[in-house]
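If you want the building blocks of each chain, they are given just below.
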Amino acid sequence: MKNLNINQIAMSNFPYSRYSLEYALDSLEKLGGGPIEFYANDPHFNVDDNGLAQVNALKRQLRDRGMHVINWCPEQVKYAINIASPNAYCRQRSIEYYVKSLQFASELESPTVQFFAGWNMLDRNYEEAWKYSVDSLSYLSNIAHGYGIELTIEAADSLLTVLTNTGRIKQMLKDVNSPNLHGMIDLYCLGVCNESIDDALENLKGEVYHIHFSDAQYEGLSAHVIPGTGVLDMDYIMKRLDEYGYKGYFSMELMSPYERMPEEAMRQTVEWLKKKIGE
């Protein structure tokens, strides 16, 4: 690769959801440590269950293992979090959850935080949910700007977000009009959104700020899988990202079916990326 380099590789605690935080961090340290994306979810770190004391303890645990957070990703799908909700109480509670997440990310010196834009109930007016999302993201972007944090938003299935493709991300960035709100690409979600890497790069010109990296499996158990074991053309995706001159991190988003073998899944994915970038 001409433009990509191995310093853009970031491991994560995503696949360690059935192990303790200490086990996950020890495992990641064994694999090389360095930059990581931290998935803030129980049992590792539920934002609502913790305060600044626990954040400082986490920061020390990471530092002692030679790791630092490059993206803070609070759980937003499994929990009742929806900044586009028509219920004002739910919307405000969700915004407060995100504000607390920004505070924690600042304490951890994470330069980037990923948020979901909220989702619309399938029998409700889409434009109403869109407006709520714009208003919420505008407010949160202003707070993030004060912390010196960049926000990223991703496209996914309509059950999860109003951003059902990268064209929607482009429109959201325009409507919010904040210098620190950016797009990102989840490679697994390309197939969910019926898009190609070319579509995503065209829609997000200059705004691909982060990548959730994995291959994808859609038949049977839908999953983020080790590169080369799914249906995506990973060689072509890497070629296009290299041509694009992508400068952000490749963050390993691996979950099922690796609950019983998270370290091995992480190792194989990192080795695949290092080999591909070195070509």
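The structure presented is a predicted model; accordingly, all values stated were derived computationally and were not measured.

With that out of the way, let us pick up the environment of leucine 52. Along the chain, the position of leucine 52 falls in helix H2 (residues 52-64). Its relative accessible area of 37% is what places leucine 52 among the partly exposed residues. Sequence separation between leucine 52 and phenylalanine 104 is 52 residues; the distance between their C-alpha atoms is 7.1 Å. Non-local contacts of leucine 52, meaning those with residues more than four positions away in its chain, are made with Gln103, Phe104 and Glu107.

So, about the packing of helix H3 (residues 88-107) against helix H4 (residues 126-147). Where H3 contacts H4, the axes come no closer than 10 Å and their chain directions differ by 20°. With respect to each other, H3 and H4 are oriented roughly parallel. At the point where H3 passes H4, the crossing takes the right-handed sense. In contact with Arg91, Ile95, Tyr98, Val99, Leu102, Gln103 and Ser106 of H3, H4 contributes Tyr132, Ser136, Tyr139, Leu140, Ile143, Ala144 and Tyr147. When grouped by side-chain class, the residues that make up the contact of H3 with H4 number 10 nonpolar, three polar and one charged.

Turning next to the pattern of salt bridges. For the structure shown, the criterion picks out 13 salt bridges. We note a salt bridge from arginine 65 to aspartate 26, for which the minimum N-O separation is 2.8 Å. Highlighted residues: arginine 65 in the loop between H2 and strand S3 (67-74) and aspartate 26 in helix H1 (residues 21-30), separated in sequence by 39 residues. Taking the relative accessible area as the measure of exposure, arginine 65 reaches 17% and is therefore buried. Assessed through its relative accessible area of 36%, aspartate 26 is described here as partly exposed. Across the pair glutamate 243 and lysine 239 runs a salt bridge, and its minimum N-O distance is 2.7 Å. With glutamate 243 and lysine 239 both in helix H8 (residues 234-244), this residue pair falls four residues apart, about one helical turn. Of the residues examined, lysine 239 reaches a relative accessible area of 42% and is grouped as partly exposed. When salt bridges with common partners are traced through the structure, they connect Lys30, Glu263, Glu264 and Arg267 into a single cluster.

Rules of the game
Residues numbered from 1 in each chain as written. Predicted model: local features only at pLDDT ≥ 70, side-chain atom pairs only at ≥ 80, totals over all residues. Heavy atoms only, no water. Helix = DSSP H or I, 4+ residues; strand = E, 2+ residues; numbered from the N terminus. Buried < 20%, exposed > 50% of the residue type's maximum accessible area, 1.4 Å probe, protein only. Contact = heavy atoms within 4.5 Å. Axes fitted to C-alpha atoms, helices over the stretch in contact; angles between N-to-C directions. Parallel < 35°, antiparallel > 145°, perpendicular 65-115°, else oblique. Left-handed = near helix turned anticlockwise from the far one by under 90°. Nonpolar A, V, L, I, M, F, W, Y, C, P; charged D, E, K, R; others polar. Salt bridge = Lys/Arg side-chain N within 4 Å of Asp/Glu carboxyl O.

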